[in-house]
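Now for the letters of each chain:
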Amino acid sequence: MSILPILQYPDERLHKIAKKVDAITDEVEKLIFDMSETMYTAPGVGLAATQVNVHLQIIVVDVSETHDELLVLINPELITSEGKNKFEEGCLSVPGIYDKVKRAEKITVKALNARGEEFNVTAEGLLAVCIQHEMDHLLGKVFVEYLSHLKQVRIRAKLKKRLRETF
Ligand code: NI
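Residues numbered from 1 in each chain as written. Predicted model: local features only at pLDDT ≥ 70, side-chain atom pairs only at ≥ 80, totals over all residues. Heavy atoms only, no water.

Focus: the sheet that holds strand β1 (residues 46–48)
Each strand in a sheet pairs with another by means of backbone hydrogen bonds, the pair being arranged parallel or else antiparallel. Filter applied, for reference: When DSSP locates at least two bridges between a pair of strands, those strands are taken to pair. Under the DSSP-based scheme used, a helix requires at least four consecutive residues in state H or I and a strand at least two consecutive residues in state E, with every element numbered from the N terminus. For helices, the axis comes from a line fit to the C-alpha atoms of the stretch in contact; other axes are also lines fit to C-alpha atoms, and the angle between any two N-to-C directions lies between 0 and 180 degrees. Throughout, a residue-residue contact means that at least one pair of heavy atoms, one from each residue, lies within 4.5 Å.
One open sheet holds the 5 strands; their spatial order is β1-β2-β3-β6-β7, and the pairing between them is antiparallel. Looking at the sheet topology across the chains shown, the edges are occupied by β1 and β7 (118–124). Taken pair by pair, the neighbouring strands of this sheet meet at an average axis angle of 40 degrees, ignoring direction. Where β1 and strand β2 (residues 58–61) come together, 3 bridges link them in antiparallel fashion. Bridging from a neighbouring strand, L47 pairs with V60 of β2. Each of β1, β2, β3 (71–82), β6 (106–112) and β7 touches helix α2 (residues 125–138); the most contacted strand, β2, lies at about 155 degrees to it.

Next comes the structure, spelled out in structure tokens:
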């Protein structure tokens, strides 16, 4: 297993649209292992393949405190959503930035697991937020794009400044 580099906003590649996975190949299996390790090491509660510059519809999520409830969603599709909720979100691609985003309170998603078997997951609370956030990544959308234009300008300036200071 290896830890993968995570694209940092405002990298254009974060806006690519991910393609469906056709088959669970050895490469896909390795990617899932590497994405999980990358997420746990960061540490984070979710990661989309888009963030490691692989534009396939794969997300990994684990919102448990014990880090032993890994959820792998391949080709996730939103089946139902209800209610509204506002949670403070962060993102491994936008380090140090946290803000509230309005999303559905409860969702049901259909996906394939790591063995390629179809399953449904119904989620609410943090898990629902996290799945919606990661599914957005597959569509090329980063959570800060829900914020006001002014906030987005400030965030981009802050991250660019930090990047300059790092290198
Ligand atoms: Ni994210």
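Things to note about α2
Under the convention used in this document: For a helix, the expected span equals 1.5 Å multiplied by the number of residues minus one. Relative accessibility decides the category of a residue: with a 1.4 Å probe and only protein chains considered, values under 20% of the type maximum give buried, values over 50% give exposed, and everything between is partly exposed.
A rise of 1.5 Å per residue sets the reference length of α2, with its 14 residues, at 20 Å; its end C-alpha atoms lie 21 Å apart and thus fit the reference within 8%. Counting buried residues in α2 gives 11 out of 14 residues, a clear majority hidden from the surface. Restricting attention to buried positions, one finds in α2 the residues A128, V129, C130, I131, Q132, H133, E134, M135, D136, H137 and L138.

A look at the coordination of the nickel ion
Just so we agree on the cut-off: A 2.8 Å cut-off from the metal defines N, O and S donors, relaxed to 3.2 Å for Na, K and Ca; water is not in the atom list, so some sites may appear incomplete.
Coordination of the nickel ion by the protein comes from C91 (SG), H133 (NE2) and H137 (NE2), over a distance range of 2.1 to 2.2 Å. Of the residues examined, C91 reaches a relative accessible area of 10% and is grouped as buried.

Details of the nonpolar core
Put simply, the rule reads: Joining through side-chain atoms within 4.5 Å is the link that ties buried Ala, Val, Leu, Ile, Met, Phe, Trp, Tyr and Cys residues into a set, and such a set is a nonpolar core.
Among the nonpolar cores identified, the biggest contains 17 residues, and I59, L73, I107 and I131 are the most heavily contacted of them. Going through the elements one at a time, β2, β3, β6, β7 and α2 are the ones with two or more residues in this core. Here this core gets 5 residues from one element, more than from any other, and that element is α2. Each residue touching I59, except ones within four places of it in the same chain, is listed here: M35, L47, A48, L71, V72, L73, I131, E134, M135 and L138.

Let's talk about the environment of M39
Tracing the backbone shows M39 in helix α1 (residues 26–41). Given a relative accessible area of 0%, M39 falls into the buried group. Expressed as a C-alpha distance, the spacing of M39 and L147, which sit 108 residues apart in the sequence, is 24 Å. Those residues in contact with M39 that lie beyond four places of it in its chain are G44, V45, G46, L47, V60, V61, D62 and L70.

Side note on unusual backbone geometry
Cis peptide bonds are those with omega within 30 degrees of zero, and the linkage from Y9 to P10 qualifies with 5 degrees. Mapped onto the fold, P10 is located in the segment before α1. With an omega of -10 degrees, the peptide bond between A42 and P43 qualifies as cis. For P43, the position within the fold is in the loop between α1 and β1. Although it is not a glycine, N53 adopts a positive phi angle of roughly 65 degrees. With respect to the helices and strands, N53 occurs in the loop between β1 and β2.

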